[in-house]
Amino acid sequence: MLADRLRETILAGSLAEGARLPTERELVSQTGLSRGSVREALRKLEVEGLVKTRLGRLGGIIVSRPGNDAMAHFIKQFVRGRRLSLRTLQEARETLEPHLAQMAAERRTAEDLARLRQLNAELEEALGDKDQFAAVNIDWHNAIAAAARNDLLSAFLYSISYDVAVSTISVEYDTLETRQAVVDIHTRILAAIEAGDGAAAYRRMQRHMQATRAATKAREDEDLQPE
């Protein structure tokens, strides 16, 4: 009940981001609950991304806005708990990412373009390192989503992108030629975004997603497993 009450207060905006909640001792006194019950309520809110603990003289239990990690936590539980297949996630990306690329072309800022150029350069530098390439590749796709200026869609992509990468990187990106092909299509997608050509960005990302799915066709009905 305490977690529900605090959650509603935070989500309704009655407590602003950065505001301090009462201490555990104060909450025990106010509610009559045990310290263990108060800690459990606060732990639930922390998992949901609604509070965080800050150390130091100005620290305490601080109200925060839910971030991408909070959403990713629950999406990953759903994916693993339902034993969803790689095909399911690839279909989700194939549906979502072309639209994100189109919106990015229409809404990107100079800072977005600089970030995407930087990540493209980092991909080039990581061609010989499969694991580093995978990490930068995830960042690149999430940077496209961020440039689309739709927090819900970008948070959803963030939530599934790591699972997809873990499930493909061990086999499908194992050759230098494949990684170079990824850099090439990323360069073409970025060119469309830089030109503000939403239709071209959509088509190029769609082809990229279709090629990615085709590469994993033989394994797409396997369950996703934790790394």
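Remember, it's a predicted structure, so these values are computed and weren't measured experimentally.

Q: Please clarify how the packing of helix H7 (residues 130–147) against helix H10 (residues 198–215) should be interpreted in this entry.
A: Helices that pack against each other are described as a pair by the angle of their axes relative to one another and the distance between those axes. Following both chains from N to C, one finds H7 and H10 inclined at 145 degrees, their axes separated by 14 Å at the closest point. The hand of the H7/H10 crossing is left-handed. Side by side, H7 and H10 meet where Trp-140, His-141 and Ile-144 of the first sit next to Met-205, His-208 and Met-209 of the second. Of the residues contributing to the contact of H7 with H10, the split by class is 4 nonpolar, 2 polar and no charged.

Q: Explanation requested: the nonpolar core in the structure shown.
A: Side chains of nonpolar character tend, in soluble globular proteins, to be buried together. Formed by 26 residues in total, the largest nonpolar core has its most connected members in Phe-133, Trp-140, Ile-144, Ile-193 and Met-205. Breaking this core down by element, the ones donating at least two residues are helix H5 (86–107), helix H6 (110–125), H7, helix H9 (176–194) and H10. Looking at which element gives the most residues to this core, the answer is H9, with 7 residues. Residues contacting Ile-144, with those up to four places away along its chain left out, are Leu-100, Ala-101, Ala-104, Leu-116, Ile-193 and Met-205. Among the nonpolar cores identified, the runner-up in size contains 14 residues, and Ile-10, Ala-41, Leu-42 and Leu-45 belong to it.

Q: Sorry if this is basic, but what is going on with the side chain of His-186 here?
A: For His-186, the location among the structural elements is in helix H9. A relative accessible area of 0% places His-186 in the buried class. Among the polar contacts made by the side chain of His-186, one reaches the side chain of His-208 at a distance of 3.2 Å. Setting aside its immediate chain neighbours within four residues, His-186 contacts Asn-120, Leu-123, Asn-137, Trp-140, His-141 and His-208.

Q: Sorry, what's going on with the pattern of salt bridges here?
A: Opposite charge on two side chains allows them to pair when their charged atoms are near. Tallied over the full model, the rule gives 11 salt bridges. Notably, a salt bridge pairs Asp-4 with Arg-7, separated by 2.7 Å at the nearest N-O pair. Here Arg-7 and Asp-4 lie together in helix H1 (residues 2–11), a separation of 3 residues that amounts to about one turn. The exposure class of Asp-4 is partly exposed, given its relative accessible area of 48%.

Q: Would you explain helix H3 (residues 35–47) in this entry?
A: For the α-helix, the turn length of 3.6 residues means that residues three or four positions removed from each other point alike. For H3, with 13 residues, the first-to-last C-alpha span of 18 Å sits near the 18 Å given by 1.5 Å per residue. Taken residue by residue, H3 has Val-38, Ala-41, Leu-42 and Leu-45 as its buried positions. Viewed end-on, H3 has its buried residues packed into an arc of 95 degrees, placing them on one side of the element. In this structure, the buried residues of H3 make contact with H1, helix H2 (24–31), strand S1 (51–54) and strand S2 (60–63).

Q: Before we go on, may I ask you to explain H1 in this structure?
A: Of the residues making up H1, those classed as buried are Leu-2, Ala-3, Leu-6, Arg-7 and Ile-10. Viewed end-on, H1 has its buried residues packed into an arc of 125 degrees, placing them on one side of the element. Residue Gly-13 follows H1 closely and has a positive phi angle near 90 degrees.

Q: Explain the packing of H6 against H7 here, please?
A: The N-to-C vectors of H6 and H7 enclose an angle of 165 degrees; their axes lie 9 Å apart at closest approach. By the angle between their axes, H6 is roughly antiparallel relative to H7. Once H6 is placed against H7, the crossing between them reads as left-handed. Residue-level contacts link Asp-112, Arg-115, Leu-116, Leu-119, Asn-120, Glu-122 and Leu-123 of H6 to Phe-133, Val-136, Asn-137, Asp-139, Trp-140, Ala-143, Ile-144 and Ala-147 of H7. Its residues placed into classes, the contact of H6 with H7 shows 9 nonpolar, 2 polar and 4 charged.

Q: So what exactly am I meant to see when it comes to the environment of Ala-201 here?
A: As for its placement among the helices and strands, Ala-201 is situated in helix H10. Here Ala-201 falls in the buried class, since its relative accessible area comes to 0%. As for Ala-201 and Ala-104, which are separated by 97 residues in sequence, their C-alpha atoms are 8.4 Å apart. Residues within four places of Ala-201 in sequence aside, it is in contact with Ala-101, Gln-102, Ala-105, Ala-192 and Ile-193.

Conventions and cut-offs
- The numbering scheme is per chain: residues are counted from 1 as the chain's sequence reads.
- Given that the model is predicted, a residue must reach a pLDDT of at least 70 before its local features are reported, and side-chain atom pairs must reach 80 or more before they are shown or counted; all residues, however, enter totals for whole chains, interfaces and linings.
- To get the side-chain values, all heavy atoms of the structure are used, and hydrogens and water are removed first.
- Note on geometry: axes are C-alpha line fits, over the in-contact stretch for helices, and angles between N-to-C directions span 0 to 180 degrees.
- Helix numbers and strand numbers start at the N terminus; a helix is a DSSP run of H or I with at least 4 residues, a strand a run of E with at least 2.
- The sense of a crossing depends on the near helix, which, turned anticlockwise from the far helix by less than a right angle, makes the crossing left-handed and, turned clockwise, makes it right-handed.
- The criterion used for residue contact is that any of the two residues' heavy atoms lie within 4.5 Å.
- Residue classes follow a fixed rule: Ala, Val, Leu, Ile, Met, Phe, Trp, Tyr, Cys and Pro count as nonpolar, while Asp, Glu, Lys and Arg count as charged, and any other residue, Gly among them, counts as polar.
- To qualify as a nonpolar core, a set must consist of buried Ala, Val, Leu, Ile, Met, Phe, Trp, Tyr and Cys residues joined through side-chain atoms within 4.5 Å.
- Each residue gets one of three labels from its accessible area relative to the maximum for its type: buried under 20%, exposed over 50%, partly exposed in between, using a 1.4 Å probe on protein chains only.
- Throughout this description, a polar contact denotes any pair of N or O atoms lying within 3.5 Å of each other; where both atoms belong to protein, one of them has to be capable of donating a hydrogen while the other can accept it, and for residues adjacent in sequence the pair is counted only when both atoms sit in side chains.
- A pairing counts as a salt bridge when a side-chain nitrogen of Lys or Arg comes within 4 Å of a carboxyl oxygen of Asp or Glu.
- By this rule, a helix spans an expected 1.5 Å times one less than how many residues it contains.
- The arc refers to the directions leading from the helix axis to the C-beta atoms.
- Orientation is classified from the angle alone, with under 35 degrees giving roughly parallel, over 145 giving roughly antiparallel, 65 to 115 giving roughly perpendicular, and any other angle giving oblique.

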